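Chain by chain, the residues run as shown.
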Amino acid sequence: MSFLHIATKTSIKWLLRVPDKGLPHKRDQSVAGHPQYTPLWETARPIWGYVAVAFNQVDMDRLSKVGPNRLCAEWVLKNGGGVRFVDNPSRLLKDYNSLPPETSSVRVKVVDATNASIMKIGLEHFKGCKHIDTVILHQCKHLENDGLGGLTHLISSLTHLQVSGCYNITDKGLAVIGALQNLKQLIIFDMLYVKDMDEVANYLREHLPNCVINATKFVM
């Protein structure tokens, strides 16, 4: 049984726990002044929201043990994405259990977050990863409008970026890409809530004169 399966089952079991009778989760006052009790399942955030947050937080103890590259790879794989390593760039690794032993040194080269549950806080895993030159953010439904800021941790190494199908991101959310001065190729498409893609593209071309930019609001 995989780590992801075990962790998910444990998280769901904890989130669905039913409080013992007489031990309410939340207390409110009714109109008549009598206490009313709201069950946990009526006030909790959606289960997968909790799971997504848990799988995106940086584990500082784990970071000190395995280093930024290994931790970054674990984060991407736990959230449903894939990675390529410098030593074997032709292989896209998507199975958490197929990661090299912790005693092996790894250097992440490519992060493919297609359909991954990554969030803004998760992009802090990029800090300290000095060899990532390609990032694909495709259909990342949990990535917030200000979620691209963490890409600046890769400002020295990132040369290829794709942002597509990330529907929380608007014109303002894409503007931070202009800080990625080493970009050589930028692909943006299927961004339904970007109001003026032409204006965004012109802004990015102004700030990234050495980058080839292909940007459209719709599916390519």
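The preceding data block contains the structure.
Residues numbered from 1 in each chain as written. Predicted model: local features only at pLDDT ≥ 70, side-chain atom pairs only at ≥ 80, totals over all residues. Heavy atoms only, no water.

Colleague: How should I be thinking about the overall build of the protein chain in this particular structure?
Modeller: Counting secondary structure elements, the protein chain contains seven helices and nine strands. Here the protein chain holds 220 residues, and 40% of them are scored as buried. Counted over contacts in the protein chain with a minimum sequence separation of 6, partners at least 24 positions apart contribute 64%. Accessible area of the protein chain: about 12,400 Å², with a carbon and sulfur share of 54%. (Helix = DSSP H or I, 4+ residues; strand = E, 2+ residues; numbered from the N terminus. Buried < 20%, exposed > 50% of the residue type's maximum accessible area, 1.4 Å probe, protein only. Contact = heavy atoms within 4.5 Å. Areas by Shrake-Rupley, 256 points an atom, 1.4 Å probe, with all protein chains shown as cover.)

Colleague: Could you clarify how one ought to interpret the pattern of salt bridges in this entry?
Modeller: Within this structure, the stated rule accounts for seven salt bridges. In this structure, Lys120 and Asp146 form a salt bridge, with 2.8 Å as the shortest nitrogen-oxygen distance. One end of the pair, Lys120, is in the loop between β5 (108-112) and β6 (134-138); the other, Asp146, is in the loop between β6 and β7 (160-164), with 26 residues separating them in the sequence. Given the relative accessible area of 45%, Asp146 is considered partly exposed. (Salt bridge = Lys/Arg side-chain N within 4 Å of Asp/Glu carboxyl O.)

Colleague: Just checking my understanding: could you explain the pairing of strand β8 (residues 185-189) for this structure?
Modeller: In summary, the side chains of a regular strand alternate between the two faces of the sheet. Within β8, four of the five residues are buried, which leaves the element mostly enclosed by the surrounding structure. By the bridge criterion, five bridges tie β7 to β8 in an arrangement that is parallel. Pairing of His160 across the sheet is with Gln185, part of β8. For the crossover from β8 across helix α7 (residues 197-207) to strand β9 (residues 212-215), the handedness is right-handed. (Pairing = 2+ DSSP bridges. Right-handed = clockwise from strand over helix to strand, strands pointing away.)

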